[in-house]
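# Fold and geometry: a report
Now for the letters of each chain:
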Amino acid sequence: MGTTKQQNEKLGQSGLGRIVGVDVGGTFTDLFYFDEASAKFRTNKVPSNRGDEAVGFLDGLKGFGAIADLSSIVHGTTVGTNALLERKGARVGLITTEGFRDVLEMRRRDRPNTWGLWGDFIPVVERDMRLEVAERTLADGTIRLGVDVDAVRVAAEKLKAMGAEALAIVFVNAYANPENEERAVEAARAVWDNENLACSTQILPEIREFERTSTTVLNAYLQPVVGSYLGKLETALASEDFAGRFHIVQSNGGVMSTETARRLPARTALSGPAAGVIAAAAIAKAAGFPNVITGDLGGTSFDVSLIADGKAALAAQTTIDFGLVIRTPMIEITTIGAGGGSIAHVDAGGLLQVGPESAGSRPGPVCYGQGNSRPTLTDANVVLGRINADRPIGGKLARLDVEAAKAAIDQHVAKPLGLGVMEAAEAIVKIADSRMAGAIRLMSIERGHDPQKFAAVPFGGGGALHVSALIREVGLKAALVPRYPGVTSALGCVIADIRHDQVQTLNLSLEGIDVAAIDARMVEEAGKARAVVEDAHLTVERIDTLFELDMHYVGQTHTVRVTLPATISGGNTDVSQAMIQQAFEDAYQASFSRLLPGVPMRIVNLRTSAIGIRPSFDLKALAAPTDTTVASAKTGSRQVWFDGAWHETTIYDRLQLPESSEIQGPAILEQPDATTVVSLEFKARVDLYGNIIVERKS
């Protein structure tokens, strides 16, 4: 279902503008500028300013000229992720149904240590901040006991007095009928001092009590944090006379307005990593690699995602940390604490460890000379000669301190292990390579995918440094290094579509279903989802509406995601009972290779997605030059340590390598935002889109 010309005019989409994608990482802030009218782009990379990200944010934007001239900014953020992982969210109060105070602690009766009987878990809402009120809605939506609104007001005032900064209201079976929750919100709002107040049916009107409670509470936990962060950025932008639109990347890879992000901050939990996956998928598909495994290596983490047949996998929910479950569509991403700033140390057992503790951007690796004395992965790469100490990425440092990095590795790793400095530095890199390879195996082999059919797409500031090792360790067929690997996530912010997902529990038997009622519900849900997309006010070619059902056979507990081939025309859908049954059987057969003839089917949830398709970004704009030669791109050579020895290695200006050129390893390809290492047994070539394809020598 697409938009009409009149609808586009209503959205204020009167012309093409200047858009900037901004990805704020733990170490660097990456930016990608794109002029939609001229199809010209520019990139920038500046140090992040932890604690006051607005400083690095503005510094990066000013690199493109006057901020007031920009029409829109799309931001991928890790603020929500960090707040959850570090337990630095707001103090939250929860009002719930009598008898359901401990849902967050009971969870799914799981435990942190699967094979042990010990392990503590403390919910983000302390028990004394969880209050019960009298109310009861039955599973069929019948109100058995109306909510005691006076008790709600008293509970809200008590929680406010106890220091609650946000309030969540979750009633049992509210998904079937939101009336009691809505009345409770109205009563609580009369005594609540801020906008950080929401009920579960506004966040996740879906069956399953723990997931609904967890998602609603975590949304409240993030509201003041994300709201404050966005407020600082908006104030900083206003000080530069920015009058355009400011948007946020969601965990599902789509874009939403900052207003939506303030209301639904839980949807930003994997915002930054998701943007990179979207860009990597587009780049790989255009280059003829529909099956890839992405690896985003930044300063603090390594994020892995799998793309099969050109599509990133969406998970219905994710667990940010044990017990912290957010149920909202998210790109499937596995994250480990292995980044360029990950600190190397020898543990009490005498084993070398790399990460998860990170030096971040301040003080950063030892070679940055900003006060850190413990060696990092970046320090090891500098000592090995893989990173050019005279041309550090980011543009703020004149030179990296190689001798300081050597001294730190010698003190903290080499001497404790009885190794030479070079052997210790190589050991640090190999440990990091092994951890990254393990994350890739988790996303591929352990999920039934053959890595020999997949290519790696390494990006981030450090991904391309480890490309050869990842191919070798995992058994991948090749690797595709994007033209600008260091700003790939920022590029993803620019090309990501606008998207809004919502869910509604139906709980209906398929047999004898009221098709007219289902049709009306689908049209209503589609209208709500489209309204959110339209409110983003970004240029779109059309708005597509997708419908999915969660279904199962009667007697089963878990559901199968079923895509409906339904469309809206003339205010109605073409949905039918036969269509739903066929779609379910196709999905079930694909998942389990069999059907259960004669067993009744049930519909649990209706999922609706509205996707505003952005104007296509011609990736050939990133193509390599055709008027240069391999010889002219060569900048010299230096000694680089590979496999226990020094090797004379050719150095190239990667951005000057011509289209279709081929080079043999060992080689180092340098550019302002990243460095690509081609090891001894590998070769590299430049494709039509400026990507570097790294493969084994024949």
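Look up: the structure comes first, before these words.
This is a predicted model, so every value here is computed, not measured. Per chain, residue numbering runs from 1 following the sequence as it is written. Confidence filtering applies because this is a predicted model: local features only for residues at pLDDT of at least 70, side-chain atom pairs given and counted only at 80 or more, and all residues used for totals across whole chains, interfaces and linings. Excluded from the side-chain calculation are hydrogens and water; included are all heavy atoms of the structure.

In DSSP terms, a helix is any run of H or I states spanning at least four residues, a strand is any run of E spanning at least two, and both are numbered starting from the N terminus. Within the protein chain, the secondary structure is distributed over 18 helices and 37 strands. We compute the radius of gyration from the C-alpha atoms alone; for a globule the expected value is 2.2 Å times N to the 0.38, where N is the number of residues. Taking 698 residues into account, the globule formula puts the C-alpha radius of gyration at 26 Å, and the protein chain, at 26 Å, falls close to it. In what follows, residue pairs with any heavy atoms lying within 4.5 Å of each other are defined as contacts. Long-range pairs, those at least 24 residues apart, make up 69% of the contacts in the protein chain between residues at least 6 apart in sequence. Using a 1.4 Å probe, the Shrake-Rupley method yields the accessible areas, and only the shown protein chains count as cover for residues. Surface exposure of the protein chain reaches about 27600 Å², of which carbon and sulfur atoms provide 49%.

The subject of this paragraph is the nonpolar core. In these notes, a set of buried Ala, Val, Leu, Ile, Met, Phe, Trp, Tyr and Cys residues joined through side-chain atoms within 4.5 Å is what counts as a nonpolar core. Only protein chains enter the calculation, and the probe is 1.4 Å; a residue is then buried if its accessible area is under 20% of its type maximum, exposed if over 50%, and partly exposed in between. One finds Leu61 and Ile95 to be the most contacted residues of the largest nonpolar core, which totals 119 residues. The dominant element in this core, judged by the number of residues it contributes, is helix H8 (residues 209–239), at twelve residues. What Ile95 contacts, discounting residues up to four positions off in sequence, is Leu131, Val133, Val152, Ala155, Ala156, Leu159, Leu167, Ala168, Ile169, Val170 and Phe171. Counting 68 residues, the second largest nonpolar core, distinct from the first, contains Val413, Ile428, Ala464 and Val677.

So, on to the environment of Glu662. Relative to the assigned elements, Glu662 resides in strand S33 (residues 662–664). Expressed as a C-alpha distance, the spacing of Glu662 and Leu465, which sit 197 residues apart in the sequence, is 18 Å. With sequence-adjacent residues up to four places away left out, Glu662 is seen in contact with Lys683, Ala684 and Arg685. Whenever two N or O atoms come within 3.5 Å, that pair is a polar contact, provided that in protein one can donate a hydrogen and the other can accept it, and provided that, for residues adjacent in sequence, both atoms are side-chain atoms. For Glu662, the side chain forms a polar contact with the side chain of Gln664, separated by 3.3 Å.

Okay, the sheet that holds strand S31 (residues 634–642) next. Strand pairing is defined by DSSP finding a minimum of two bridges between the two strands. Here we have four strands laid out as an open sheet, ordered S31-S32-S34-S35, and mixed in their pairing. The sheet terminates laterally at S31 and strand S35 (674–678), the two strands that pair on one side only. The average angle at which neighbouring strand axes cross in this sheet is 25°, direction not considered. Inspection of the sheet shows strand S32 (residues 645–653) paired to strand S34 (residues 667–671) by four bridges, in the parallel sense. Bridging from a neighbouring strand, Ile651 pairs with Ile668 of S34. An axis is simply a line fitted to the C-alpha atoms; with a helix, the fit covers only the stretch in contact. Between two such axes, the angle follows the N-to-C directions and lies from 0 to 180 degrees.

Turning our eyes to something else, we now look at unusual backbone geometry. A cis amide bond links Gly355 with the next residue in sequence, Pro356, at an omega value of 0°. For Pro356, the location among the structural elements is in strand S22 (residues 352–358). Along the chain, Gly665 connects to Pro666 via a cis peptide bond; the corresponding omega equals 5°. In this structure, Pro666 sits in the loop between S33 and S34. Even without a glycine there, the phi angle at Asn173 is positive, about 60°. Tracing the backbone shows Asn173 in the loop between strand S9 (166–170) and helix H6 (179–189).

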